[in-house]
Amino acid sequence: MPFTELQNELDRRVAQDLLRRRRTLDTPQSPHIVVDGKPYLAFCSNDYLGLANHPQLIAALQQGAQHWGVGAGAAHLVNGHFGAHHRLEQQLAAFAGKPAALLFSTGYMANLGVVQALVGKGDTVFADKLNHASLNDAMQLSRAETKRYRHGDMQQLSQLLAQTPSGRKLVITDAVFSMDGDIAPLQELLALCEQHDAWLYVDDAHGFGVLGEQGRGSLAQFGIASPRVIHMATLGKAAGVSGAFVAAEQVVIDTLVNHAHSYVYTTATPPALSVALSQSLELIARGDALRAHLQKLVAQLRGGLSGLPWQLMPSDTAIQPLLIGDNLQALQLSEALRERGIWVAAIRPPTVPQGTARLRITLSAAHGEADVSRLVGALHELAHR
Ligand code: PMP
């Protein structure tokens, strides 16, 4: 067998309770899903506003497909850049309060493309140790020197910046940390970047649509509007569709169009998706009631889960991880919830640091208070078994 080594590696993962498996859903994304014929109440999507299955977005996608067809058929720089893409980019730039925006097919590709296009050999990338995997991969791909600072440690970042006299300096960070739910110290990050003439790249995958006035994201929440900041957000989470955008000064966007390989060398995202996303942006901007409801659910969950043997990690966002520690225990708790018809994913190393396996509970505006009560009740019952 030519692949024995691969099998051995997978077997080792099984032995360490680290094997990753997919489960196939029979219903659309929503708090109420059916998997293998069984209904579950789910707390693990990133569909924070409940838009993934929204009738207005379904209608917009259908109209988009009627008008533009299904596939783009070419890369953006060949003849795959359509009016629907162009209009969405203009809307996104205005929404983000930046001169220009560029649409990518996914957030993963945006991160790879931006970091690779902006820095290279002789430059330095500074990164929070808990950044998303796509940012970590991006800095490897760029071939710049990489300096990682302890999570949120501005003193260490300041020292690292001071020790780097030459080359471009790019600080990259999650805005809302995807596995912890806490928010990066964005104002301090910007101040340090100004002091050391560094650029600041903020990945707002989990803040966009959820935080800030009209859901404009984490930067808006902190009143940050600086040309030095390059703003990225994904469109497959709160926006409910797919894709990502980068909003920045025109010169940055023009540089990406010319140099970001994951933009240049790939088929453009289907324009029909951009039609749905234009509609989604409107729902996000008008979504104060959804955001208020989500915040209420966060408070309900945090209040309800105090007094458990496991701690919720400090977070005010829709990501509410319950720290378990041990891999097997996290898996068993996830499994016990599943037996009770509740779906919460266990997250284990290497996605999170060793010894910090957790249940990543995510809330959505599509949840009701009764849904949260059911989860709270089940966790209390399991804690006192
Ligand atoms: N950045 C962060 C912080 C993320 O959490 C994710 C997705 N989990 C991505 C980027 C990648 O985005 P996408 O899913 O659109 O590729």
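- Per an unreviewed UniProt entry, the protein chain goes by the name 8-amino-7-oxononanoate synthase and belongs to Sideroxydans lithotrophicus.
- On record in UniProt, under Subunit (unreviewed entry), the comment for the protein chain is "Homodimer."
- UniProt, in the comment section headed Pathway (unreviewed entry), describes the protein chain in these words: "Cofactor biosynthesis; biotin biosynthesis."

Some words on the pairing of strand S14 (residues 357–362)
- Burial of S14 is extensive: six of the six residues sit out of reach of the surface.
- Burial along S14 is two-sided: the face carrying Ala 357, Leu 359 and Ile 361 and the face carrying Arg 358, Arg 360 and Thr 362 are both buried.
- Where strand S11 (residues 319–325) meets S14, six bridges bridge the pair, whose relative direction is antiparallel. Note on S14: the bridge partner recorded for Pro 321 is Arg 360.
- Alignment of strand S13 (residues 345–347) against S14, held across three bridges, turns out to be antiparallel. Bridged to Ile 347 within S14 is Arg 358.

Observations concerning the UniProt feature "binding site: substrate" (unreviewed entry) in the protein chain
- The UniProt entry lists Arg 20, His 132 and Thr 351 under the feature "binding site: substrate" (unreviewed entry), expressed in the numbering used here.
- Along the chain, Arg 20 falls in the loop between helix H1 (4–15) and strand S1 (32–35).
- Mapping His 132 onto the fold places it in the loop between strand S4 (124–128) and helix H5 (133–142).
- Of the residues examined, His 132 has 23 C-beta atoms within 10 Å and is grouped as buried.
- Here His 132 is in contact with Asp 174, Ser 178 and Asp 203, once residues within four sequence places are set aside.

Some remarks on the sheet that holds strand S12 (residues 342–343)
- Across the sheet, which stays open at both edges, the three strands sit in the order S1-S2-S12 with mixed pairing between neighbours. If you trace the sheet from one side to the other, it starts and ends with S1 and S12, each paired once.
- Relative to strand S2 (residues 38–42), S1 runs antiparallel, the two sharing four bridges. Within the sheet, the bridge partner assigned to Val 35 lies in S2 and is Lys 38.

A short note on the UniProt feature "domain: Aminotransferase class I/classII large" (unreviewed entry) in the protein chain
- Listed under "domain: Aminotransferase class I/classII large" (unreviewed entry) in the UniProt record, and renumbered for this structure, are residues 40–379.
- In this annotation, residues 40–379 is assigned 42% helix and 18% strand; the end-to-end C-alpha distance for the span is 15 Å.

Structural notes on the nonpolar core
- Judged by nonpolar contacts, the single largest core of 119 residues is most densely connected at Ala 101, Val 114, Val 115, Leu 200, Phe 245 and Val 246.
- If sequence neighbours within four positions are ignored, Leu 200 has contacts with Val 171, Leu 189, Leu 190, Cys 193, Arg 228, Val 229 and Ile 230.

Examining the site of the ligand
- Neighbouring the ligand are 13 residues, the closest being Thr 106, Gly 107, Tyr 108, His 132 and Ala 205.
- Here the shell around the ligand gets three residues from one element, more than from any other, and that element is helix H4 (residues 107–118).
- Residue composition of the shell around the ligand, by class: three nonpolar, eight polar and two charged.

Focus on the sheet that holds strand S3 (residues 100–104)
- Read across the sheet, seven strands follow the order S3-S9-S8-S7-S6-S4-S5 without closing on themselves; strand pairing throughout is mixed. In the strand order of this sheet, the two ends are held by S3 and strand S5 (145–149), each with one partner. Across the sheet, the mean angle from the axis of one strand to that of its neighbour is 20°, orientation sign disregarded.
- Relative to strand S9 (residues 244–248), S3 runs antiparallel, the two being bridged by five bridges. Counterpart to Phe 104 in the pairing with S9 is Ala 244.

Rules used throughout
Residues numbered from 1 in each chain as written. Predicted model: local features only at pLDDT ≥ 70, side-chain atom pairs only at ≥ 80, totals over all residues. UniProt positions renumbered as here; feature names shortened; annotations may be inferred. Buried ≥ 20, exposed ≤ 12 C-beta atoms within 10 Å, placed from the backbone. Helix = DSSP H or I, 4+ residues; strand = E, 2+ residues; numbered from the N terminus. Pairing = 2+ DSSP bridges. Contact = placed C-beta atoms within 7 Å. Core = buried A, V, L, I, M, F, W, Y, C linked by C-beta atoms within 7 Å. Near = placed C-beta within 6 Å. Nonpolar A, V, L, I, M, F, W, Y, C, P; charged D, E, K, R; others polar. Axes fitted to C-alpha atoms, helices over the stretch in contact; angles between N-to-C directions.

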